[in-house]
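What follows is each chain in one-letter form.
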Amino acid sequence: MVCALLATASPWDMSSLAARRILLGITGGIAAYKCCDLLRQLTGAGAEVQVVMTEAATAFVTPLTLQALSGRPVRTALLDPAAEAAMGHIELARWAEVMLIAPASADAIARLAQGQANDLLSTCYLAFDGPKFLAPAMNQAMWRAPATGRNVATLEVDGVTVLGPASGVQACGDEGPGRMVEPNALVSALAAWAGAKAPTTTEPSPWAGRHIVITAGPTREALDPVRYLTNRSSGQQGFALAEAAAEAGAQVTLISGPVTLPTPPGVTRVDVESALDMLAATEAAFDTADLVIAVAAVADYRAGAVAPQKLKREGTEGLTLNLVPNPDIIATLGARRGPGAHPVLVAFAAETENVVAHAEGKRSRKGVDFVVANDVSRADIGFNSADNCVTVVGPAGAEALPKMSKQALSAQLLNRFAAALRP
Ligand SMILES: Cc1cc2nc3c(=O)[nH]c(=O)nc-3n(C[C@H](O)[C@H](O)[C@H](O)COP(=O)(O)O)c2cc1C
């Protein structure tokens with residue numbers, strides 16, 4: 001019963017899952033606890049995951065946990081007027097590109113095989129006409145029962161890909177087939193599906209023919225001919241965004257402070273050093289831009305006067321620097337543009353406390369459409385890290401995204417900014 005996808009998929013080609021819309025169904029089995037890891041891996045690969053749980057599943061793992069991990073409210077009820085008004089069961093089925101039910105209980109398998117639509121998950125299943133994956137998990141005797149065998153065979157005839165189950169020692173102490181396939185194997189199976197699938201849809205990219213200007217990296221503020229002030233920004237997030245934007249079909253201008261990263265394919269790079277240089281380059285690109293994303297960690301201050309000769313140590317008691325404020329690049333553009341006008345403006349904000357409150361304040365003060373805030377007090381994300389975990393504060397409010405690679409995050413962010421594009 002183990003599908004070939006499980007055997008052949010590489011655990012390393014997860015990038016195909018970036019921005020894929022996955023409907024993850026969770027049913028009432030002991031293996032439901034593994035869904036936390038499964039969900040974390042899927043979102044970490046950049047997938048957008050909407051969780052739908054059966055009522056029984058909520059006895060094994062809480063919707064709150066899965067909401068925190070997916071960054072989306074978890075859906076559990078069919079006859080819920082508020083949830084239906086937000087995204088009805090048919091819309092959920094239309095939204096999804098692929099559906100994975102893991103774990104799939106014997107009961108759920110029976111109901112799906114019969115075409116029942118007596119809860120939200122089975123209704124979505126029936127309304128969804130895309131690829132369906134199912135990871136059964138149950139006691140070995142339940143799995144071996146002829147009724148389960150008939151139901152699984154029916155689902156396979158219906159075109160469902162059944163992943164597993166695996167064999168081994170079970171939670172109940174039995175040994176045999178019925179264990180849910182491990183989350184990393186399920187993620188690999190979805191990645192293999194996504195990799196084999198033709199690029200997302202036939203819809204044209206919203207970025208085709210659009211000009212995106214991105215600032216990245218630190219700035220370097222000279223003190224004398226050999227010394228400067230700078231910061232720890234590596235440029236990785238800005239470069240990842242530039243790469244994703246070029247892949248999405250945009251014309252990309254990447255205005256970069258001093259970094260050691262290669263220029264992504266198809267991207268026009270403008271190298272600058274100081275904040276004033278970066279402002280000048282950004283203003284030069286502004287008039288033709290559809291979207292400006294200010295990711296650079298621009299120095300707040302520069303020397304009031306740059307010493308023309310190397311500052312000497314000899315004969316001094318110490319050194320007092322006279323620093324003057326640098327212009328705020330994105331706020332300068334915000335003031336030049338005016339509220340809601342062209343282009344869309346996005347500011348990145350590194351915060352160490354009260355991340356959302358500070359981001360909301362910055363959004364209105366700087367006159368931008370979105371603030372992408374990250375908590376740089378966390379050692380596992382942000383500066384010099386391959387991963388990032390941000391909160392996007394935009395016209396629709398604040399949305400906390402789960403931790404993911406900077407590449408995966410870039411695709412997710414562009415999807416959100418596309419909604420604000422001016423005609
Ligand atoms: C502690 C406990 C563990 C269970 N584990 C499983 C399981 O692993 N697989 C399964 O098919 N049913 C299991 N069941 C039974 C299901 O929860 C039950 O059949 C339920 O109706 C499934 O509902 P659902 O398919 O709508 O989620 C378990 C029940 C209990 C009380």
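Residues numbered from 1 in each chain as written. Predicted model: local features only at pLDDT ≥ 70, side-chain atom pairs only at ≥ 80, totals over all residues. Heavy atoms only, no water.

Caption draft 1: Structural context of unusual backbone geometry. Gly164 connects to Pro165 through a cis peptide bond whose omega is 5°. Tracing the sequence through the fold places Pro165 in the loop between strand S5 (161-162) and strand S6 (166-169). Here the residue pair His342 and Pro343 is connected by a cis peptide bond, since its omega of -5° sits within 30 degrees of zero. Here Pro343 lies in the loop between helix H13 (329-337) and strand S16 (344-351). Backbone geometry at Ala19 places phi at a positive 65°, although glycine is not the residue there. Along the chain, Ala19 falls in the loop between helix H1 (4-8) and strand S1 (21-26). One non-glycine residue, Asn354, adopts positive backbone phi at about 40°. Along the chain, the position of Asn354 falls in the loop between S16 and helix H14 (355-366). (Helix = DSSP H or I, 4+ residues; strand = E, 2+ residues; numbered from the N terminus.)

Caption draft 2: A look at helix H6 (residues 106-114). Within H6, seven of the nine residues are buried, which leaves it mostly tucked inside the rest of the structure. Taken together, the buried positions of H6 are Ala106, Ala108, Ile109, Ala110, Arg111, Leu112 and Ala113. Each element contacted by the buried residues of H6 is listed here: strand S3 (98-104), helix H7 (120-127), strand S4 (132-136), helix H8 (140-144) and helix H9 (146-157). Positive phi appears at Gly115, one or two residues downstream of H6, with a value of about 75°. (Buried < 20%, exposed > 50% of the residue type's maximum accessible area, 1.4 Å probe, protein only. Contact = heavy atoms within 4.5 Å.)

Caption draft 3: Expanded view of empty space enclosed by the protein. Enumeration over the complete set of coordinates arrives at one cavity of 30 Å³ or more. Each pocket or cavity is described by its volume, and for the largest cavity that value is around 90 Å³. Looking at the largest cavity, it is lined by 13 residues, and the ones nearest its centre are Glu48, Ser70, Pro402, Gln412 and Arg416. For the lining of the largest cavity, the secondary-structure elements that each account for two or more residues are strand S2 (48-53) and helix H15 (406-418). Grouping the constituent residues of the lining of the largest cavity by class yields five nonpolar, four polar and four charged. (1 Å grid on protein atoms, 1.4 Å probe; cavity = no way out; pocket = protein on both sides within 12 Å on 5 of 7 lines; lining within 4 Å. Points joined across faces, edges and corners; volume = space filled by probe spheres on them. Nonpolar A, V, L, I, M, F, W, Y, C, P; charged D, E, K, R; others polar.)

Caption draft 4: Focus on the nonpolar core. Leu17, Ile26, Leu42, Val51 and Leu66 are the most contacted members of the largest nonpolar core, which totals 37 residues. Listing elements by their share of this core, those giving two or more residues are S1, helix H2 (35-44), S2, S3, S4 and helix H10 (183-196). Take this core: its biggest share by element is seven residues, from H10. Apart from the residues lying within four places of it in its own chain, the contact partners of Leu17 are Ile22, Leu42, Ala45, Gly46, Ala47, Val187, Leu190, Ala191 and Ala194. In terms of nonpolar packing, the next biggest core, distinct from the first, is built from 35 residues, Ala242, Ala250, Val372 and Leu401 among them. (Core = buried A, V, L, I, M, F, W, Y, C linked by side-chain atoms within 4.5 Å.)

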